[in-house]
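# Descriptive structure summary
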Amino acid sequence: MVATPHGSTQPEAGLANTDSSPEHLAQAAQAGCVVAFEELVVRFEAPIFNFLRRFIRNHHDAEDLTQETFLRAFRSLSRYDPAFSFASWLFMIARRTAATHFRSAPRFTELPLQEGAGVDNPATALEDKDQRESIWKLVQRLKPKQAEALWLRYAEGF
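Thresholds, definitions, all that
- Residues numbered from 1 in each chain as written.
- Predicted model: local features only at pLDDT ≥ 70, side-chain atom pairs only at ≥ 80, totals over all residues.
- Heavy atoms only, no water.
- Core = buried A, V, L, I, M, F, W, Y, C linked by side-chain atoms within 4.5 Å.
- Buried < 20%, exposed > 50% of the residue type's maximum accessible area, 1.4 Å probe, protein only.
- Helix = DSSP H or I, 4+ residues; strand = E, 2+ residues; numbered from the N terminus.
- Contact = heavy atoms within 4.5 Å.
- pLDDT = per-residue confidence, 0-100.
- Salt bridge = Lys/Arg side-chain N within 4 Å of Asp/Glu carboxyl O.
- Axes fitted to C-alpha atoms, helices over the stretch in contact; angles between N-to-C directions.
- Left-handed = near helix turned anticlockwise from the far one by under 90°.
- Nonpolar A, V, L, I, M, F, W, Y, C, P; charged D, E, K, R; others polar.

## Topic: the nonpolar core
Counting residues in hydrophobic clusters, the biggest one holds 34 residues, and the most contacted among them are Phe44, Ile48, Phe51, Leu52 and Phe86. Looking at this core element by element, the count peaks at 10 residues for helix H2 (residues 34-56). Apart from the residues lying within four places of it in its own chain, the contact partners of phenylalanine 51 are Phe91, Ala94, Arg95, Glu148, Trp151, Leu152 and Glu156.

Written as structure tokens, this is what we have:
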């Protein structure tokens, strides 16, 4: 906080406001505000992870690729144009990061995590899980760009 001539305080110039749009935060980060970039990571970490997890189908690889996405975004922040959506720009980086992973990674399937801890009605939980899985299994039969479009629209709200 910085004191003004009248004795009041204002946020220090360059610090991120949590009410700012992602585009404004990106502009502040371009100007060197690390706090602004940290706020972008906080806002987009879960959506990027979920996006990557759906296509990579491996929890640990999705975590690694999420970190790689933010590292690439930070390194190329100077090329971001604030006239466009920051979220779209970031998801494009995530998509390209996943594509690079697919080209270089060996193919194997991760075993599902144990579920059911704390479930009130196991039958309902199992039915819901089966329905979600069957829908997304059908989506996986689509071309990659079509599956990606559905995920971005219905899971991420784009």
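Next comes the rest of the description.
## So, the confidence of the model for the protein chain
Parts of the model with low pLDDT should not have their predicted coordinates read in detail. With 78% of its residues at a pLDDT of 70 or more, the protein chain shows a mean pLDDT of 79. With pLDDT under 50 throughout, residues 1-16 is counted as low confidence; its partners more than four residues away or in other chains account for 18 contacts.

## Side note on the pattern of salt bridges
Under the defined criterion, the tally for this structure stands at 3 salt bridges. The partner of arginine 43 in a salt bridge is glutamate 39, and the shortest N-O contact between them spans 3.0 Å. Separated by 4 residues within a single helix, arginine 43 and glutamate 39 lie in helix H2, roughly one turn from each other.

## Brief notes about the packing of H2 against helix H6 (residues 144-155)
At their nearest, the axes of H2 and H6 sit 11 Å apart, and the two run at 145° to each other. In the packing of H2 onto H6, the handedness of the crossing is right-handed. Packed against H2, whose contacting residues are Asn50, Phe51, Arg54 and Phe55, the element H6 presents Ala147, Glu148, Trp151 and Leu152 at the interface. Of the residues belonging to the contact of H2 with H6, the class tally is 5 nonpolar, 1 polar and 2 charged.

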